[in-house]
Amino acid sequence: MNYIKQVEIRWSDLDPNFHLRHSVYYDFGAYCRINFLFDNGITEDIMREHSIGPVLFREECCFMKEIILGDKISISLKLKSVSADFRKFSMQHEIFRNDNELAALLIVDGAWMDTVKRKIAAPPQMVIDTLNTIPKTEDYKTV
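The structure reproduced in this document is the subject of the present report. Residue positions are given per chain, counting from 1 as you read along its sequence in written order. It should be noted that, the model being predicted, local features are given only for residues of pLDDT at least 70 and side-chain atom pairs only at 80 or more, the latter also being counted only at that level, while totals for whole chains, interfaces and linings use all residues. Side-chain figures throughout are based on the complete set of non-hydrogen atoms in the structure, without hydrogens or water.

**What about the side chain of Ser 76?**
And then number 1: Elements are defined by DSSP. Helices are runs of H or I of four residues or more, strands are runs of E of two residues or more, and each kind is numbered from the N terminus. With respect to the helices, strands and loops of the structure, Ser 76 is situated in strand β3 (residues 73-82).
And then number 2: The residues contacting Ser 76, other than those within four sequence positions of it, are Tyr 3, Ile 4, Cys 32, Gln 92, His 93, Glu 94 and Phe 96. The contact definition used throughout considers only heavy atoms, calling two residues in contact when any of these lie within 4.5 Å.

Here you go:
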């Protein structure tokens, strides 16, 4: 099973060269990750109830093909690694244009934060169960 979100390019997503601004790729990744959580019941209300939220330590994007206005864009989500207690994670997004042409590869490293203590913490079991349903990369590992 794959998790893929479709997005449309807006005029405001473009830079002066008429292609996608670099920061929009990161926004697309966040959109995909948060939609996955919401689609699987880990909503803002649930995160508030459990005093947890995702934070990122690093985002890295490799740009391969130009994306322009009118391109059809899809973004995949895969789990690259997790810590044994699921406090920390790495996720990978492949951003495709038109007929599944890989335009960019985005990798993020993050963790779950206790929003009261302001410290990294293991998420509740329902989050762990949800993260376990994310498709895995070929080099997936527990760290």
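The rest of the description comes next.
**Overview of the pattern of salt bridges**
And then number 1: Between Lys or Arg on one side and Asp or Glu on the other, a salt bridge is scored when a side-chain nitrogen of the former is within 4 Å of a carboxyl oxygen of the latter. For the coordinates displayed, the defined rule picks out 9 salt bridges.
And then number 2: Glu 101 is the salt-bridge partner of Lys 65, the closest N and O atoms lying 4.0 Å from each other. Of this pair, Lys 65 sits in the loop between β2 (52-63) and β3 while Glu 101 sits in strand β5 (residues 101-114), and the two are 36 residues apart along the sequence.
And then number 3: Residue Arg 87 pairs with Asp 85 through a salt bridge whose shortest N-O separation is 3.0 Å.
And then number 4: Accessibility expressed as a relative area gives 29% for Arg 87, which makes it partly exposed.
And then number 5: The cut-offs for exposure are 20% and 50% of the maximum accessible area for each residue type, with area from a 1.4 Å probe on protein chains only; residues under the lower value are buried, those over the upper are exposed, and the others partly exposed. The partly exposed category is assigned to Asp 85, whose relative accessible area is 34%.
And then number 6: Ionic contacts of the salt-bridge type, sharing partners, join the residues Arg 58, Glu 60 and Asp 109 into one network.

**Remarks on the pairing of β3**
And then number 1: Within β3, 9 of the 10 residues are buried, which leaves it mostly tucked inside the rest of the structure.
And then number 2: In this description, strands pair whenever DSSP reports at least two bridges between them. Examined bridge by bridge, β3 and strand β4 (residues 88-97) share 7 bridges and lie antiparallel to one another. Each residue of the ladder has a partner; that of Lys 78, found in β4, is Gln 92.
And then number 3: The antiparallel pairing of β3 with β4 creates a hairpin that spans 5 residues between the two strands, and Phe 86 there sits at a positive phi of about 70°.
And then number 4: Sheet topology note: the β3/strand β7 (residues 136-142) ladder contains 3 bridges and is parallel. Bridging across to β7, Ser 81 finds its partner in Lys 141.

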